[in-house]
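Spelled out, the chains give:
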Amino acid sequence: MRVVVVGASGNVGTSILAALDRAPAIARVTGVARRPPPWNTDKSTWVAADVAEDDLDDVFAGADVVMHVAWLFQPTHDPLTTWRVNVLGSTRVFEAAARAGVPALVCASSVGAYSPGPKDRAVDESWPTHGWPGAAYTREKAYVERVLDTFERDHPAMRVVRLRPGFIFQRRAASQQRRLFAGPFLPGTLVRPATVPVIPDLPGLRFQVVHAEDVGEAYRLAAERTVRGPFNIAAEPVVDSRLLAEALDARIVQLPAKAARAALAAAWHLHLVPTEPGLLDAVLRLPLMDTTRARTELGWVPRHNAHTALQSFLVGLRQGAGEGTAALAPNTPAGRVREILTGVGSRP
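J.: Account for helix α8 (residues 257-269), naming residues and giving values.
T.: Look at α8: 18 Å from first C-alpha to last across 13 residues, which is about the 18 Å you get at 1.5 Å a residue. Taken as a whole, α8 has its buried residues at A260, L264, A265, A267 and W268. For α8, the angular spread of buried residues about the axis comes to 165 degrees, placing them on one side. Exposed residues lying more than 90 degrees from the buried face of α8 are K258 and H269. Looking one or two residues beyond α8, the residue adopting positive phi is H271, at roughly 60 degrees.

J.: So, the packing of aromatic side chains: which residues are in play, and what are the values?
T.: Counted by the stated rule, this structure contains eight aromatic pairs. Judged by centre distance (5.8 Å) and plane angle (50 degrees), the rings of F94 and F151 are tilted. On the criterion of sequence distance, the pair formed by F94 in helix α3 (residues 79-99) and F151 in helix α4 (residues 136-154) is long-range, its members being 57 residues apart. The same class applies to F94 and to F151, which are both buried. Judged by centre distance (4.8 Å) and plane angle (25 degrees), the rings of F169 and F313 are stacked. Of this pair, F169 sits in strand β8 (residues 167-169) while F313 is found in helix α11 (residues 306-319), placing the two residues 144 residues apart along the sequence. Each of the two residues, F169 as well as F313, counts as buried.

J.: Quick rundown of the pairing of strand β12 (residues 229-233)? Include the residues and the values.
T.: Counting buried residues along β12, five of its five residues qualify, which places the element largely inside the surrounding structure. Here five bridges tie strand β7 (residues 159-165) to β12, and the two strands are oriented parallel to one another. The residue bridging R162 from the neighbouring strand is P230, located in β12.

J.: Got a sec to walk through the packing of helix α1 (residues 11-21) against helix α6 (residues 212-224)? Specific residues and values, please.
T.: Two elements in contact, α1 and α6, have axes whose closest approach is 8 Å; the angle formed by their N-to-C orientations is 60 degrees. If you check the angle between α1 and α6, you find them oblique. Where α1 crosses over α6, the two elements pack in a sense that is right-handed. The segment α1 lies against α6, with N11, V12, S15, I16, A19 and L20 engaging A212, E213, V215, G216, E217, Y219 and R220. Grouping the constituent residues of the contact of α1 with α6 by class yields seven nonpolar, three polar and three charged.

J.: An account of a nonpolar patch on the surface is needed here, citing residue identities and associated values.
T.: On the surface, F185, L270, L272 and I340 cluster together into a nonpolar patch covering about 380 Å² of accessible area. You can see L272 is positioned in the loop between α8 and α9 (277-283). Overall, L272 belongs to the partly exposed group, its relative accessible area being 37%.

J.: With reference to specific residues and values, describe the sheet that holds strand β2 (residues 28-33).
T.: Taken in spatial order, the seven strands make up an open sheet running β3-β2-β1-β4-β5-β7-β12, and their pairing is parallel. The sheet terminates laterally at β3 (44-48) and β12, the two strands that pair on one side only. Strand after strand, the sheet turns through a mean of 20 degrees between neighbouring axes, direction not considered. Across the sheet, α1 touches β1 (2-6), β2, β3 and β4 (65-68), and the angle it forms with β1 is around 165 degrees.

J.: Summarise the side chain of E145; cite the residues concerned and give the values.
T.: Inspection of the secondary structure assignment puts E145 in helix α4. Judged by its relative accessible area of 1%, E145 falls in the buried class. Side chain to side chain, E145 and R162 meet in a polar contact 2.5 Å long. Contacts of E145, omitting those with residues within four sequence positions, involve S109, A113, T129, R162 and R164.

J.: Which residues make up the side chain of T291, and what values do they have?
T.: Relative to the assigned elements, T291 resides in the loop between β15 (288-289) and α10 (292-298). Of the polar contacts made by the side chain of T291, one reaches the side chain of R295; its length is 3.0 Å. Residues in contact with T291, not counting those within four places in the same chain, are N232, I233 and A234.

J.: So what about the nonpolar core? Which residues, and what values?
T.: For soluble globular proteins, nonpolar side chains are generally found buried alongside one another. Counting 35 residues, the largest nonpolar core has V5, M67, L163, Y219, I233 and L298 as its most contacted members. The leading source of residues in this core is α6, at seven residues. Aside from chain neighbours lying at most four places away, what touches V5 is I16, L17, L20, V29, T30, G31, V32, M67 and V69. Core analysis: the second largest hydrophobic core is formed by 30 residues, V51, A70, A96 and V160 among them.

J.: Summarise the packing of α3 against α4; cite the residues concerned and give the values.
T.: Across the interface, α3 lies against α4 with an axial gap of 10 Å and an inter-helix angle of 20 degrees. With respect to α4, the axis of α3 lies roughly parallel. In this structure, α3 meets α4 at a crossing whose hand is right-handed. Contacts between α3 and α4 involve P79, T82, W83, N86, V87, S90, T91, F94, E95 and A98 on the former and, on the latter, A136, E140, Y143, V144, V147, L148 and F151.

J.: Explain unusual backbone geometry to me, using residue names and the numbers behind them.
T.: Of the consecutive residues Q74 and P75, the connecting peptide bond is found in the cis state with omega at 10 degrees. Relative to the helices and strands, P75 is located in the loop between β4 and α3. Cis geometry marks the peptide bond from E236 to P237; its omega dihedral reads -5 degrees. When you line up the elements, P237 lands in the loop between β12 and β13 (239-240). With phi around 75 degrees, A194 is a residue other than glycine that occupies positive phi space. Following the sequence through the fold, A194 ends up in the loop between α5 (174-182) and β9 (198-201). Overall, the relative accessible area of 59% leaves A194 in the exposed class.

Conventions we followed
Residues numbered from 1 in each chain as written. Predicted model: local features only at pLDDT ≥ 70, side-chain atom pairs only at ≥ 80, totals over all residues. Heavy atoms only, no water. Helix = DSSP H or I, 4+ residues; strand = E, 2+ residues; numbered from the N terminus. Expected span 1.5 Å × (residues − 1). Buried < 20%, exposed > 50% of the residue type's maximum accessible area, 1.4 Å probe, protein only. Arc of directions from axis to C-beta. Phe/Tyr/Trp six-rings, centres within 6.5 Å; stacked < 30°, edge-to-face > 60°. Pairing = 2+ DSSP bridges. Axes fitted to C-alpha atoms, helices over the stretch in contact; angles between N-to-C directions. Parallel < 35°, antiparallel > 145°, perpendicular 65-115°, else oblique. Left-handed = near helix turned anticlockwise from the far one by under 90°. Contact = heavy atoms within 4.5 Å. Nonpolar A, V, L, I, M, F, W, Y, C, P; charged D, E, K, R; others polar. Patch = residues over 30% accessible without salt bridge, like charges linked within 9 Å, V, L, I, M, F, W, Y side chains within 5 Å. Areas by Shrake-Rupley, 256 points an atom, 1.4 Å probe, with all protein chains shown as cover. Salt bridge = Lys/Arg side-chain N within 4 Å of Asp/Glu carboxyl O. Polar contact = N/O pair within 3.5 Å; in protein donor to acceptor, adjacent residues only side chain to side chain. Core = buried A, V, L, I, M, F, W, Y, C linked by side-chain atoms within 4.5 Å.

Fair warning: the whole summary comes from geometry, so function is off the table for now.
Here it is in structure tokens:
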């Protein structure tokens, strides 16, 4: 099989490349990225392309599977830019795959596509995917789901798979995630047990995580097996304030959601953090996902539990860990200065 991975240089993309490298059924892999790295894996080569602008037909020609995992989280202060890349760019990827006659499309959706749901029980893939309207990320994920609905209707011969993972962590993506969500003022070296004094216990703070290596394996299975439709991807146990407090040896403090949101909104408007307050609203409303279908039909079983995934991220955060791609570049003092000078949350 020949697989094309669009967005191959990021947290999920590099994990997919690693999983495909280990797979005997995969012969060749083409990694697509705006800023491809100067290295290849055993089976992969790189192509420089922007999903919002460049012609992808030739890149996809002869592929057995196209995997679309490219996504722009920033700039949150410029939602038109993220819409152009995430929604219009995704649409361009789907249309190019159809024109190239690719038999299968595997697309990165997210728990963020789901409408608000329960925190005391898990929902399956039939739960509505209308997102949360107050955050660009969730609006865009939900809209891409609607685009895929139409695409599947118009291209019934193509096998379309949607993976909806929880929050994806690994050590080597820690610096990237610090840049995307926490910003330059978080002292990563101090995020360690007994140094973080308290963890806020917000109403609704219950969410699911998964290790990036297990997500890469889910994509491999989706490429090789003749499955269709959506799959929830998450590890156990559910993460809450108690689990976070145990990981950091911190004390739990009750905090009203309004107070936490007000603090985040102030920091975001002052360009101190890149995360918009609407994303916190969404996290507090996301449903818990049932992963039965992924286990029974996809054959996916995570090797890492939620504790391991979270700890790998925390270790990487303290170490300033990264990888040899532009997206996953390790943390440096000069990089933090550049983040401040270019406007926190104001640039891709």
